[in-house]
Amino acid sequence: MSTTATEAPTLRTNLSEYAVTKAMRDGRVKSELVNLDFCGPTPAHNGFKAMVRESAFDAGELAIVTYLQAKAYGKPYVLLPAPISGRFQHHCAGFNIDFGHLDPKDIEGKKVGVRSYAQTTGLWIRGVLRHEYGVDLDKVTWMTLIDGHLAEYKDPENCIRLPAGSAIPQMMLDGEISAALLGEDMPKDPRVRTLVPDAQAAAKTWYAREGIVPINHMFAVHKDLSKKRPDIVRELYRMVAESRALAEGGVPAVFPPLGLEANRKGLQLAIDWALDQKIIPHRLSVDELFDDVTGSLG
C-alpha cells in the first residue's frame, strides 16, 4: 500500500474483469478514500501464488480453497463476505464416451486429470462425486499439472504430477486418462459426456435441497489494512457491492450472495470438503475466516 500525507492510499489489487467487477475495473465505481492499482496478472488466478507466498497484493480475489489454505497456514489475509465468482460444478467432470460409458464410481482405480489437486473446481466436483455418488476419492489416481498455491501444502499420496506441457483435455480425448475435472477448459467435443448423469438437472436438484451456489473466488485484504484502515475495508466492500449492482444484465441467476450469514452454509461446506479431501491440515471455523471488521460487513 502506497500513500502520501495528502493522497488516498493506492492498493496493489489482483482482480479480474467479470460482469460483477467490470464497474470497479473501468472506473464507474470510484472512491475518495482509496485508489486501486489493478496490477495483478490476467487471469487473476495467476497471481494467487504470489499473493499468499509473497504478500504481493494488498487486496483482491482469492480462490476459496487458496484462502482456506492461507488461513490454515497463517498467511496475513482476511476474507470479505463478498464472492467474486461462483457456479454449480456438477458439469465439471467429463469423459470420452468413445472409450466406454463411465458412471461416477467407475473412476475408482483409474486416472483422472485435474490442473491442481487444490483447485477450487476440483474441490467442489470431487465433493459431489463423493457425497452424492459414493465415489471413494482415495481409490482414484489424480493426475495433476501444477502444485498448490501454498508452499507448505503437499498433495495427497494418490496424486501424480504429469510432465510439463501435458494437456489434460487432450489426454482425456485420447484416452490417456479416464476422466478429467475441468472448468472452462472442458472440450466442446461431441464425444465428451459429464461424469455426473444429467449434470444440469442434478445441480438444480442439489441446489433445491442445499440452497448453496458453490463459491469459486472471494475478495480478501491484507490483515494490516483491516487493522489500520477499517474504513477502507468497508469502502472496498461497498465498491464490490455497487459493482455487482451495475453488472450488465444483472448478477447471474446462479451466483453466491453477499454477506457472511448468507454464505455461512456454503463456506462451512467448503471447509468440510477441504478437510475431507486432505486440502487443509486441520478444521477451521467459518467465523475465523473473517475479523471484527469484515465479519460485520453487509
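Please refer to the structure placed before this passage.
A brief structural summary. (Residues numbered from 1 in each chain as written. Predicted model: local features only at pLDDT ≥ 70, side-chain atom pairs only at ≥ 80, totals over all residues. Heavy atoms only, no water.)

Within this structure, the stated rule accounts for 3 aromatic pairs. Ring plane angle 65° and centroid distance 5.6 Å describe the contact between W124 and W273, whose orientation is recorded as edge-to-face. On the criterion of sequence distance, the pair formed by W124 in helix α4 (residues 120–133) and W273 in helix α9 (residues 260–276) is long-range, its members being 149 residues apart. For the pair W124 and W273, a shared accessibility class is recorded, and that class is buried. Above the face of the Y117 ring, R126 is positioned so that its terminal group lies 3.9 Å from the ring centre. (Phe/Tyr/Trp six-rings, centres within 6.5 Å; stacked < 30°, edge-to-face > 60°. Helix = DSSP H or I, 4+ residues; strand = E, 2+ residues; numbered from the N terminus. Buried < 20%, exposed > 50% of the residue type's maximum accessible area, 1.4 Å probe, protein only. Lys NZ or Arg CZ within 6 Å of the ring centre and 35° of its normal.)

Taken in spatial order, the 5 strands of this open sheet run β2-β1-β3-β11-β4, and their pairing is mixed. Across the chains shown, the open sheet's two edge strands, defined by having one partner strand only, are β2 (35–38) and β4 (77–86). Direction aside, the axes of adjacent strands within the sheet are offset by 30° on average. Relative to strand β3 (residues 59–63), strand β1 (residues 10–14) runs parallel, the two sharing 2 bridges. Pairing of N14 across the sheet is with G60, part of β3. (Pairing = 2+ DSSP bridges. Axes fitted to C-alpha atoms, helices over the stretch in contact; angles between N-to-C directions.)

Spatial strand order, β8-β7-β6-β9-β5-β10: 6 strands in an open sheet with mixed pairing. Whereas interior strands pair on both sides, the edge strands pair on one side only; in this sheet they are β8 (159–161) and β10 (192–194). Here the average twist between neighbouring strands, direction ignored, is 30°. Where strand β6 (residues 111–114) meets strand β7 (residues 141–144), 4 bridges bridge the pair, whose relative direction is parallel. Residue pairing for β7: K111 is matched across the bridge by T141.

Okay, α9 next. Taking 1.5 Å per residue, 17 residues should reach 24 Å; α9 reaches 23 Å between its end C-alpha atoms and fits that length. Helix geometry: α9 is bent most strongly at G266, by close to 30°. Along α9, the residues that are buried comprise L260, N263, G266, L267, L269, A270, I271, W273 and A274. Looking at the packing, one finds that the buried side of α9 touches α3 (64–72), β4, α4, α6 (199–210) and β11 (215–222). Among the residues trailing α9, K278 stands out with phi positive, at a value near 65°. (Expected span 1.5 Å × (residues − 1). Bend = angle between axes of the 7 residues up to and from the residue. Contact = heavy atoms within 4.5 Å.)

Ranked by size, the top nonpolar core spans 59 residues in total, and within it I64, L68, I107, W142 and L289 carry the most contacts. Residue contributions to this core peak at 7 residues, all from α9. Aside from chain neighbours lying at most four places away, what touches I64 is L79, T120, W124, I215, N216, H217, M218, L267 and A270. In terms of nonpolar packing, the next biggest core, distinct from the first, is built from 23 residues, V29, I84, L225 and V293 among them. (Core = buried A, V, L, I, M, F, W, Y, C linked by side-chain atoms within 4.5 Å.)

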